[in-house]
Amino acid sequence: MSATHTAVPIAAIATAPGRGGIGVVRVSFGKYRGEAVQAVIAKLVGQPLKARHAAYLPFLDGQGGTLDRGIALYFPGPNSYTGEDVLELQGHGGPIVLQLILQRCLDAGAELGVRLAEPGEFTHRAFLNDKLDLAQAEAVADLIEASTEAAARSASRSLDGAFSREIHQLVDQVIHLRMLVEATLDFPEEEIDFLEAADAHGQLARIQAQLDSVLAQAKQGALLREGLNVVLAGQPNVGKSSLLNALAGAELAIVTPIAGTTRDKVQQTIQIDGIPLHIIDTAGLRETHDEVEQIGIARSWSEIAKADAVLHLLDARMGMTADDEDIAKRLPTQVPIVRVLNKTDLAGEAAMVVAARDGTPMAIRLSAKAGDGIDLLRSELLKIAGWQAGNEGVFLARERHLAALRAAREHVDVAAAHAAQNAGALDLFAEELRLAQEQLNAITGEFTSDDLLGVIFSRFCIGK
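This structure is a prediction, so every number in the text was calculated from the model and none was measured.

1. Digging into the overall build of the chain
Right, on to step 1. Per the secondary structure count, the chain includes 16 helices and 13 strands.
Right, on to step 2. By the burial criterion, 51% of the 464 residues in the chain qualify as buried.
Right, on to step 3. Considering only residue pairs separated by 6 or more positions, the chain has 67% of its internal contacts joining residues 24 or more positions apart.
Right, on to step 4. For the chain, the computed accessible surface area is about 21700 Å², with 52% contributed by carbon and sulfur atoms.

Here it is as structure tokens:
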């Protein structure tokens, strides 16, 4: 997309809600540049500002009085975050003073039509003005929302363009092959020799291999961003709440010997090697006439149905009972199940991993109360998540990125099938390559619907 400055000016508080030492109000002036912008700036701080020069000045109200004092910065476009002329006023972070400064920006810029920014509108303009591509723009929100250090580092890599560069390399390879195919279609007498002369099979194989590599990294990045939903399920009093507390390293759930203590789900996000795991403790699964407990049990099954993994807890002293068998039969078959035999300290057994066999899920014997075997469980959860330790090149990715990469891979596979037919299939070969390119371009925004852009940027915070 070519840079454009047709938008009206916008303003917003750019720092998070609440009180803080510093607060920032940002104005992006849309199509207005130079003198028109400096006239508004002079109303706000009493004088024009030098480009990219920090000035400590009073922030003025409509009568020339001082609302606050702080740092004023002016960034002329296109060398700014949005690509437009931008003003930042960095003052004290009280919510009232920031609202006063924001309202003053709206009043001072009324002749230019300055209005309140919508969620994500600053970053949306950065995207429209070629300051960021769409994957980088999404990384801005992901960096803000990162729940672990690993997720923050990966989001930063995406913001720096690591993910986008991988996509652009793939697009370049697809375009090169498309160019050869299209040229051959213009000269049909050469068609029979094209595939061999252009090494089309080799080029396709390299594209497929790189797609697989990028998809694998994107899956890791999506895991860092989304985490894994792990549900603790089992009969009452098997130690689900104790296990939640042991995994979290804090007393989050109430633990008593009374069956049915947990009536509703208790959720906690923990980190294992930087991977966020959303551990959900649920009500014990049993037949009961207690109306409140029945509601809790129904919610337990609802959480189990949505889980990425289920830890089916048993009492190690009793093993697999008939009631446990009934629970196991109702657990979803498409979700990884780990049997956790808890209370090994009372059973006089050592913590250990029992490999899966003959259709039986793998099991871990542990003591949530004593902490024995908790590390074994953590390791198994990482395996279920598919996390590969030491992968420093991961970039944060979203589900839409994974869907686009999978679709591109499918189109390339179909193209390869057409290539295998040699003569007579080059038009279909070219079309599948074009569709693959469209899927890849959708990731960085070169080919993206306005509806999708609206959804993406509406989820940003106001002021970004």
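2. Concerning the layout of surface pockets
Right, on to step 1. The computed volume of the second largest pocket comes to approximately 310 Å³.
Right, on to step 2. If you go around the second largest pocket, you meet 16 residues; those closest to its centre are Ile 13, Thr 15, Ala 16, Pro 17 and Ile 462.
Right, on to step 3. For the lining of the second largest pocket, the leading source of residues is helix H2 (residues 95-108), giving four residues.
Right, on to step 4. Split into classes, the residues belonging to the lining of the second largest pocket amount to 13 nonpolar, three polar and no charged.

3. Overview of the sheet that holds strand S7 (residues 228-234)
Right, on to step 1. Taken in spatial order, the seven strands of this open sheet run S8-S9-S7-S10-S11-S13-S12, and their pairing is mixed. A strand with exactly one partner marks an edge of an open sheet, and here the two such strands are strand S8 (266-272) and strand S12 (352-354). Averaged over all neighbouring strand pairs, the angle between strand axes comes to 25°, with direction disregarded.
Right, on to step 2. Where S7 and strand S9 (residues 275-281) come together, five bridges link them in parallel fashion. Residue pairing in the sheet places Val 230 in a bridge with Ile 279 of S9.
Right, on to step 3. Here helix H11 (residues 322-330) sits on the sheet and contacts S7, strand S10 (309-315) and strand S11 (337-342); the angle it forms with S10, its principal contact strand, is near 175°.

4. Notes on the packing of helix H4 (residues 134-145) against helix H5 (residues 149-159)
Right, on to step 1. Relative orientation of the contacting elements H4 and H5 amounts to 155°, with a least axis distance of 8 Å. Judged by the angle between their axes, H4 and H5 are roughly antiparallel. Pair H4 / H5 crosses with left-handed handedness. Along its contact with H4, which presents Gln 136, Ala 139, Val 140, Asp 142 and Leu 143, the element H5 presents Ala 152, Ala 155, Ser 156, Ser 158 and Leu 159.

5. Here we look at the UniProt feature "binding site: Mg(2+)" (unreviewed entry) in the chain
Right, on to step 1. UniProt tags Ser 241 and Thr 262 as "binding site: Mg(2+)" (unreviewed entry).
Right, on to step 2. Positionally, Ser 241 belongs in helix H9 (residues 240-248).
Right, on to step 3. Residue classification places Ser 241 among the buried residues on the basis of a relative accessible area of 9%.

6. Describing the pairing of S7
Right, on to step 1. Judged by how many residues are buried, S7 sits mostly within the fold: six of seven residues are covered.
Right, on to step 2. As judged from the five bridges shared by S7 and S10, these two strands associate in the parallel manner. Bridging from a neighbouring strand, Val 231 pairs with Val 310 of S10.

7. Some details on the sheet that holds strand S1 (residues 10-13)
Right, on to step 1. With respect to topology, six strands assemble into an open sheet ordered S3-S4-S5-S2-S1-S6, the strand pairing being mixed. This sheet does not close on itself; its edge strands, each paired only once, are strand S3 (55-60) and strand S6 (115-116).
Right, on to step 2. Across four bridges, S1 lies against strand S2 (residues 20-28) in antiparallel orientation. Within the sheet, the bridge partner assigned to Ile 10 lies in S2 and is Ser 28.
Right, on to step 3. Running over the sheet, helix H1 (residues 35-45) touches S3, strand S4 (66-75) and strand S5 (86-93) and is turned about 80° from S3.
Right, on to step 4. The sheet contacts of H2 involve S1, S2, S3, S4, S5 and S6, and relative to S2 the element is tilted by about 15°.

8. Description of H11
Right, on to step 1. Within H11, the full set of buried residues consists of Asp 324, Ile 327 and Ala 328. Taken down its axis, H11 places every buried residue within 100° of arc, on the same side. Exposed positions of H11 whose direction lies more than 90 degrees from the buried face are Ala 322, Lys 329 and Arg 330.

Cut-offs used in this document
- Residues numbered from 1 in each chain as written.
- Predicted model: local features only at pLDDT ≥ 70, side-chain atom pairs only at ≥ 80, totals over all residues.
- Heavy atoms only, no water.
- Helix = DSSP H or I, 4+ residues; strand = E, 2+ residues; numbered from the N terminus.
- Buried < 20%, exposed > 50% of the residue type's maximum accessible area, 1.4 Å probe, protein only.
- Contact = heavy atoms within 4.5 Å.
- Areas by Shrake-Rupley, 256 points an atom, 1.4 Å probe, with all protein chains shown as cover.
- 1 Å grid on protein atoms, 1.4 Å probe; cavity = no way out; pocket = protein on both sides within 12 Å on 5 of 7 lines; lining within 4 Å.
- Points joined across faces, edges and corners; volume = space filled by probe spheres on them.
- Nonpolar A, V, L, I, M, F, W, Y, C, P; charged D, E, K, R; others polar.
- Pairing = 2+ DSSP bridges.
- Axes fitted to C-alpha atoms, helices over the stretch in contact; angles between N-to-C directions.
- Parallel < 35°, antiparallel > 145°, perpendicular 65-115°, else oblique.
- Left-handed = near helix turned anticlockwise from the far one by under 90°.
- UniProt positions renumbered as here; feature names shortened; annotations may be inferred.
- Arc of directions from axis to C-beta.

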